[in-house]
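Report on the structure
Here's the letter readout for the chains.
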Amino acid sequence: MSEYENSADVFAAEDDFELPNNAAKTIRRLWISLNNQRARLAAVLASVILYTVLSIAAPAYSAHTVDVLWNNIVQALSAGTVFRITWANGGRELAALLLLYAAAAGFYMFQSLIMASFAETLTLRLRTEIGRKLARLPLSYFDRTKTGAILSRAVSDLDKTSEALQTGILKLFTASGMIIGSLCMMFRFSRTLTVIFLAVTGIALGATKIVSAKTLRYTARRQQCVSTVTALIEEAYSGRVIIKSFNQEENSSRTLHEAAEELAQASKKADFIINAINPAIRLITRIGHVLLAVFAGKMLLDGTMSIGVFQAFFQYVHQASEPLTEAAYVINSMQSALASVERVYELLDEQEIPDDTGKLSYLPAVRGAVEFRNVRFGYTASNVLMQCVSFSAAPGQKIAIVGSTGAGKTTLINLLMRFYELNGGHILLDGTDITHMSRAALRNSFGMVLQDTWLFGGTIAENIAYGKPDAGRQEIIAAAKAARADFFIRTMPDGYDTVLNTDTENISAGQRQLLTIARAFLCNPAVIILDEATSSVDTRTEQEIGKAMKALMKGRTSFVIAHRLSTITDADLILFMQHGDIIEQGTHTDLLKKHGAYAELYYSQFT
């Protein structure tokens, strides 16, 4: 019964528990996911049953063993001889008892090993399904879902599920059997002692449950304070330069100290109530022990209970009290695991991008003619961004897209790459509707350089060849030279074999941009998309890139999103966007003659 001393901590952790919205449905889905592991689960259940039976039988047999030994000891003392254990004088019973405990331990090890493999196999399967699912989800899902939420599904939710399956199910099964079996044996030995045990157990659990309500409130408050302090520390560290620049060190320090003081007060209350309940529960359990010992001792003296039964009864007290102590935690843990796996299934049930089966998977000799024909699009049905967008680009033309932030420039490019599906109209590539092409075939015709550079941990050569993994070293070098990146690469410690760390902090922002441009050049696409591709480089580097761009874009259609209008005055077509629609289009000279929105923006940059 001493296990109740930890019951306060059990209930204090309940603020982390969640409930599934539809437990029955989630269990059915989980059962389907276990279709290839049901035999393993059946073996675990059989092992649990045998383990429970042996665990219940062992104390009962120990009562017989102790009584045999005690009777032989008494006889030896009465006869004035030395008691020795022989095979016929208690040895046989001790060997059988040892075998019982050994067999129970063997079954416990077997079920724990199988259950661990069972849980990890399920986790691997679900993580694999999540990985495949993420590749089939539309960008709209990632727009409305935070990155942390997605990572939580694949990492923490599945870890919680795996832990619950490894330990929770076993504890739930064994606890049920041990409680029922132990109580039955206790009633068999002594109804009076069993009633006392149940009364003390009920009082202890009731007291713990009452106090746990306050414990949950205090621990929740402490967790909020921890989150606040953590956020302030992260903010102060990340913004340390700004804080020092504006002489706000004292204010920042004061704010952090105030939050730390709130955390200290919340922790003091939470720690007090958690630590104060343990002595109270311990007192109740000690009183229970005393009562059981007194009554059992009287029965022992009266001759109504043997020594063997006496010690066996207290073994059953231990076997019954431990599962009862863990029952609330195990049940809540299983519910929390069901809530976690329910969120995983919600992710797996998300609507996927339409299947490309049966569509054009190969586009021979793409020329790069692009046409938007009465395109209508909105990220949601109630918020239409583009009403009627139409323009055409001939092969080899340079199309510039300008406008204020949020005008729809990047959206237009996303539609061209078919990251989103249209609400109306058509986009044509070489006269073919892009919806008739597979997404892979369409995107193989495009090279894209974004404003936000993205490089991964690996060598410089591997990063350049990301879009063409089978490229030779000479092709990689040629692309780097075209992007004006070859010079700085050769100054690196290992040249093209220099390993970039995960944050790519060993090269500058401008150099990162040059590598992404080289990556696009290596793919030799028919259409090039540049989204403020020179925004992170200095003027001289921008000029060098401009020269290379002019040569490389010759014969290719290019779409350039730019805020500095001086970089797109040579464009064959300029699209000026506002609120998702094209309000002006034409060459630089034509748009200046119109004295419209483009001309106003252009002159404002050179006033």
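Here we summarise the structure given alongside this text. The structure presented is a predicted model; accordingly, all values stated were derived computationally and were not measured.

**Let's talk about the overall build of the protein chain**
- Looking only at helices and strands, one finds 19 helices and 12 strands in the protein chain.
- When burial is assessed residue by residue, the protein chain has 44% of its 607 residues classed as buried.
- Across the protein chain, contacts joining residues at least 24 apart in sequence account for 78% of those joining residues at least 6 apart.
- For the protein chain, the accessible surface area stands at approximately 31,600 Å², while carbon and sulfur atoms represent 58% of it.

**Concerning unusual backbone geometry**
- Here the phi dihedral of Arg484 falls at roughly 60°; this positive angle occurs in a residue that is not glycine.
- By the element assignment, Arg484 lies in the loop between α14 (473–482) and α15 (486–490).
- Phi at His595 takes a positive value of approximately 55°, unusual for a residue other than glycine.

**Quick look at the pairing of strand β10 (residues 557–561)**
- With five of its five residues buried, β10 lies for the most part within the structure.
- Along β10, one buried face is formed by Thr557, Phe559 and Ile561 and the opposite face, lined by Ser558 and Val560, is buried too.
- Pairing analysis gives four bridges linking strand β3 (residues 398–402) to β10, with the strands arranged parallel. Bridging across to β10, Ile401 finds its partner in Ile561.

**Let's talk about the pairing of strand β2 (residues 383–393)**
- As defined by bridge partners, strand β1 (residues 370–380) adjoins β2 across seven bridges and the pair is classed as antiparallel. Paired with Thr380 across the strands is Asn383, a residue of β2.
- Where β1 hands over to β2, the hairpin turn is made up of two residues, counted between the paired strands.

**Examining the packing of helix α3 (residues 38–79) against helix α4 (residues 87–136)**
- Interhelical geometry of α3 versus α4 gives an angle of 160° and a closest axis separation of 8 Å. Between α3 and α4, the crossing angle belongs to the class labelled roughly antiparallel. At the point where α3 passes α4, the crossing takes the left-handed sense.
- Among the residues forming the contact of α3 with α4, the class breakdown is 26 nonpolar, 11 polar and three charged.

**Here's the deal with the sheet that holds strand β6 (residues 446–449)**
- Reading across the sheet, the six strands line up as β6-β9-β10-β3-β11-β12 and stay open at both edges, with mixed pairing between neighbours. Only two strands of the sheet have a single neighbouring strand rather than two, namely β6 and β12 (581–586). Within this sheet the neighbouring strands show an average axis-to-axis angle of 15°, counted without direction.
- Here helix α11 (residues 409–416) sits on the sheet in contact with β3, β6, β9 (527–531), β10 and β11 (573–578), set at roughly 150° to β10.

**Observations regarding the packing of aromatic side chains**
- Counting across every chain of the model gives 13 aromatic pairs.
- Ring plane angle 85° and centroid distance 6.2 Å describe the contact between Phe313 and Phe314, whose orientation is recorded as edge-to-face.
- On the basis of an interplanar angle of 55° and a centroid distance of 5.7 Å, the ring pair of Phe377 and Tyr420 is categorised as tilted. Taken together, the residues Phe377 in strand β1 and Tyr420 in the loop between α11 and β4 (424–429) connect sequence positions 43 residues apart. With respect to class, Phe377 is no different from Tyr420; both count as buried.
- Among the aromatic side chains, those forming a connected cluster through ring pairs are Phe310, Phe313 and Phe314.
- Looking at Arg240, its charged tip hangs above the ring of Tyr237, at a distance of 4.4 Å from the centre.

**Digging into the nonpolar core**
- Of all hydrophobic cores here, the largest spans 44 residues; its most connected members are Ile464, Ile489, Tyr496, Leu515, Ile568 and Tyr598.
- Broken down by element, the residue count for this core peaks at seven residues, all from helix α16 (residues 509–523).
- Leaving out residues up to four positions away in the same chain, Ile568 has contacts with Lys398, Ala400, Val402, Val560, Ala562, Ile574 and Tyr598.
- Of all hydrophobic cores here, the second largest spans 35 residues; its members include Ile401, Ile427, Ile561 and Leu575.

**Quick notes on the sheet that holds strand β5 (residues 432–433)**
- Spatially, four strands are ordered β2-β1-β4-β5 in an open sheet, and the strand pairing comes out antiparallel. Of all the strands in the sheet, the pair left with one neighbour each is β2 and β5.
- Bridge count for β1 against β4 is five bridges, and the pairing is antiparallel. Counterpart to Val370 in the pairing with β4 is Leu429.
- Sheet strands touched by α11: β1, β2 and β4. Its angle to β1, the strand with the most contacts, is close to 110°.

What counts and how
- Residues numbered from 1 in each chain as written.
- Predicted model: local features only at pLDDT ≥ 70, side-chain atom pairs only at ≥ 80, totals over all residues.
- Heavy atoms only, no water.
- Helix = DSSP H or I, 4+ residues; strand = E, 2+ residues; numbered from the N terminus.
- Buried < 20%, exposed > 50% of the residue type's maximum accessible area, 1.4 Å probe, protein only.
- Contact = heavy atoms within 4.5 Å.
- Areas by Shrake-Rupley, 256 points an atom, 1.4 Å probe, with all protein chains shown as cover.
- Pairing = 2+ DSSP bridges.
- Axes fitted to C-alpha atoms, helices over the stretch in contact; angles between N-to-C directions.
- Parallel < 35°, antiparallel > 145°, perpendicular 65-115°, else oblique.
- Left-handed = near helix turned anticlockwise from the far one by under 90°.
- Nonpolar A, V, L, I, M, F, W, Y, C, P; charged D, E, K, R; others polar.
- Phe/Tyr/Trp six-rings, centres within 6.5 Å; stacked < 30°, edge-to-face > 60°.
- Lys NZ or Arg CZ within 6 Å of the ring centre and 35° of its normal.
- Core = buried A, V, L, I, M, F, W, Y, C linked by side-chain atoms within 4.5 Å.

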